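In case you want the letters, here they are:
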Amino acid sequence: LVVLFILFEFWPGMLFLFIDFMLRGFFDSRYSPVTQFNIALARQLNLTEKMMNAGPKIFAAQVGMFLSAISLGAFALGCGTVCLVIAGMLGFFSFLESAFGFCVACKLYPFIRRN
């Protein structure tokens with residue numbers, strides 16, 4: 001969806017990401033369409049459940065919501081360069097997570113959320 005936004009200005013895709021990140025980062029992830037899809041896919045593929053600390057993933061969703069909101073706001077205001085840079089960051093972070101399992105926000109989490 002980020003690539004569609006960058007290449008074709010498909011803002012509804014970025015809006016969908018904003019809402020999904022908001023649901024996962026500030027509300028109950030059970031209401032997230034992406035989470036529901038992932039659960040269904042994991043069941044179909046008979047994947048085993050892996051338990052992990054939810055804190056870093058919630059923080060990552062909050063960062064994703066923030067980046068998508070800034071990108072959408074810049075798009076609405078006609079600030080094309082800012083919009084593309086922020087969307088590019090979101091796309092790059094998403095690529096790192098999906099291709100290598102490397103979550104940038106999860107790595108920053110312990111430094112940001114110290115007790």
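Residue indices begin from 1 for each chain and proceed along its sequence in written order. Selection of residues for local features in this predicted model requires a pLDDT of at least 70, selection of side-chain atom pairs for listing and counting requires 80 or more, and totals for whole chains, interfaces and linings are taken over all residues. Only hydrogens and water are set aside; all other atoms, that is, all heavy atoms of the structure, feed into the side-chain values.

Enquirer: So what's going on with the overall build of the protein chain? Residues and values would help.
Expert: The helix and strand tally for the protein chain stands at 6 helices and 0 strands. Of the regular secondary structure in the protein chain, the N- to C-terminal order runs α-α-α-α-α-α. In terms of overall dimensions, the protein chain is globule-like: its C-alpha atoms have a radius of gyration of 15 Å, near the 13 Å expected for 115 residues. Burial here depends on accessible area, computed with a 1.4 Å probe over protein chains only, as a share of the maximum for the residue type. Under 20% is buried, over 50% is exposed, and the range in between is partly exposed. Every one of the 115 residues in the protein chain was classed for burial, and the buried ones make up 29%. The contact criterion used is simple: two residues touch if any of their non-hydrogen atoms lie within 4.5 Å. Considering only contacts within the protein chain whose residues lie at least 6 apart along the sequence, 59% involve residues at least 24 apart. Positive and negative side-chain charges in the protein chain, numbering 8 and 5 respectively, have mean positions lying 10 Å apart. Every helix listed is a DSSP run of H or I at least four residues long, and every strand listed is a run of E at least two residues long, numbered separately from the N terminus. Based on C-alpha atoms, the radius of gyration is set beside the globule rule, defined as 2.2 Å times the residue count to the power 0.38. For this count, His and the chain ends are skipped, Lys and Arg are scored as positive, and Asp and Glu as negative. Charge coordinates come from a single atom per side chain, which is NZ of Lys, CZ of Arg, CG of Asp or CD of Glu.

Enquirer: Go over helix H2 (residues 11-26) with me, naming the residues and quoting the values.
Expert: Multiplying one less than the number of residues by 1.5 Å gives the expected span of a helix. Compared with the 22 Å implied by 1.5 Å per residue over 16 residues, the 22 Å span of H2 between its first and last C-alpha is a close match. Restricting attention to buried positions, one finds in H2 the residues Gly13, Met14, Leu17, Asp20, Phe21, Leu23 and Gly25. On its buried face, H2 is in contact with helix H1 (2-8), helix H3 (33-44), helix H4 (54-76) and helix H5 (80-100).

Enquirer: Just give me the short version of the layout of surface pockets, but keep the residues and values in it.
Expert: A pocket here means an open set of points on a 1 Å grid, computed over the protein atoms alone, that has protein on both sides within 12 Å along at least five of seven lines. A cavity is instead a set of points where a 1.4 Å probe fits but cannot get out; residues with an atom within 4 Å of a point line either one. Grid points are joined across faces, edges and corners, and a volume is the space filled by probe spheres set on the points. Quantified by volume, the largest pocket comes out at close to 1900 Å³. As for the largest pocket, its lining consists of 40 residues, and the residues nearest its centre are Arg24, Thr35, Asn38, Lys57 and Glu97. When contributions to the lining of the largest pocket are tallied by element, the ones reaching two or more residues are H1, H2, H3, H4, H5 and helix H6 (104-112). In terms of residue count, H3 provides more of the lining of the largest pocket than any other element does, 8 residues in total.

Enquirer: Account for the state of the cysteines, naming residues and giving values.
Expert: Working definition: a disulfide is two cysteine sulfur atoms within 2.5 Å of each other. Summed over the entire model, instances satisfying the criterion amount to 1 disulfide. The disulfide partner of Cys103 is Cys106, and the S-S distance across this bridge is 2.4 Å. Residues Cys103 and Cys106 share a disulfide whose torsion about the S-S bond is about 65 degrees; that sign makes it right-handed. Each member of the pair, Cys103 together with Cys106, is buried. Cys79 takes part in no disulfide bond, and the closest cysteine sulfur to it belongs to Cys83, at a distance of 8.9 Å. The class for Cys79 is partly exposed, based on a relative accessible area of 35%. With a relative accessible area of 4%, Cys83 lands in the buried category.

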